[in-house]
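Summary of the model geometry
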Amino acid sequence: MPDGKNHNLINITVLAMIISGLYSLSTRADIVFPMEFLNFQTISVFSISYLFGTFFLSPDLDIDSSPYGRWGIFRFLWWPYKVMFKHRGLSHHFIFGPLTILANFTLILIPVLVLAGFNVYRVPVEFIATVVLGIWISIELHILADLVVSEIY
Ligand SMILES: [Zn+2]
């Protein structure tokens, strides 16, 4: 299976392809493109979430991996996840992988936001959906890359 650096390279390459694909579609007059949704802000939020997913919310949080190490002193927040999931088990399932990672991340994020005085109910649904989509796709790509490479070797 690809190592952490190859996963990063694959994910960044695909992000560049997504952004350039969206840009080239947006310049074509024959295609009606929902520009009111796919604006610069949405694409930026998607890209940042996708990159955060790539570097911090990888399915390899189930082992002592680079994404696990990037959490630094806060890596204890992922320790239960690492202990509960055997490597390349449910964490690398196409549905349960992203679901469990996002669930654990939500359990970490919500108390932090609430303690910081942030009103989580005022966050627009479109923003949350874009963040989840960015993280979700980055995780799916990791799982797909692991699957493809393990089929070849
Ligand atoms: Zn993996």
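In this numbering scheme, every chain counts its residues from 1 along its sequence in written order. Two thresholds apply to this predicted model, a pLDDT of at least 70 for residue-level local features and 80 or more for giving and counting side-chain atom pairs, whereas whole-chain, interface and lining totals are computed over all residues.

1. Topic: the packing of helix H1 (residues 4–26) against helix H6 (residues 125–152)
- The interhelical angle for the contact between H1 and H6, taken along N-to-C directions, is 125°, at an axis separation of 10 Å. Considered as vectors, H1 and H6 are oriented oblique to each other. Regarding H1 and H6, the two cross each other, and that crossing is right-handed. Of H6, the residues touching H1 (which contributes His 7, Ile 10, Asn 11 and Val 14) are Ser 138, Leu 141, His 142 and Ala 145.
- Its residues placed into classes, the contact of H1 with H6 shows 4 nonpolar, 4 polar and no charged. Only the contacting stretch of a helix is used when fitting its axis, a line to C-alpha atoms as for every element, and angles between N-to-C directions run 0 to 180 degrees. Each helix corresponds to a stretch of at least 4 residues labelled H or I by DSSP, and each strand to a stretch of at least 2 residues labelled E; elements are numbered beginning at the N terminus. Here the angle decides the label: under 35 degrees means roughly parallel, over 145 means roughly antiparallel, 65 to 115 means roughly perpendicular, and every other value means oblique. Put simply, a crossing is left-handed when the front helix is turned counterclockwise from the back one by less than a right angle, and right-handed when it is turned clockwise. A pair of residues counts as a contact when their C-beta atoms, built from backbone coordinates, are within 7 Å of each other. Residue polarity is assigned by list, with Asp, Glu, Lys and Arg as charged and Ala, Val, Leu, Ile, Met, Phe, Trp, Tyr, Cys and Pro as nonpolar; anything else, Gly included, falls into the polar class.

2. Observations regarding the nonpolar core
- To form a nonpolar core, buried Ala, Val, Leu, Ile, Met, Phe, Trp, Tyr and Cys residues must be joined through C-beta atoms within 7 Å. Buried means a residue has 20 or more other C-beta atoms within 10 Å of its own C-beta, exposed means 12 or fewer, and partly exposed covers the counts in between; C-beta atoms are placed from the backbone. In this structure, Leu 57, Leu 61, Trp 78, Ile 101, Phe 105, Ile 135 and Ile 139 together form the largest nonpolar core, which totals 7 residues.
- When residues of this core are traced back to their parent elements, those giving at least two are helix H5 (96–115) and H6.
- Among all residues touching Ile 139, those that are not within four sequence positions of it are Gly 53, Leu 57, Pro 59, Gly 97, Pro 98 and Ile 101.

3. Some details on the packing of helix H2 (residues 40–56) against H6
- Their axes nearest at 7 Å, the elements H2 and H6 cross at an angle of 40°. Here H2 lies oblique to H6, going by the angle between them. When the axes of H2 and H6 are compared, the crossing they make is right-handed. Contacts between H2 and H6 pair Thr 42, Val 45, Phe 46, Ser 47, Ser 49, Tyr 50, Phe 52, Gly 53 and Thr 54 from the former with Phe 127, Thr 130, Val 131, Leu 133, Gly 134, Ile 135, Ile 137, Ser 138 and Ile 139 from the latter.

Just geometry here; none of it tells us what the structure is for.
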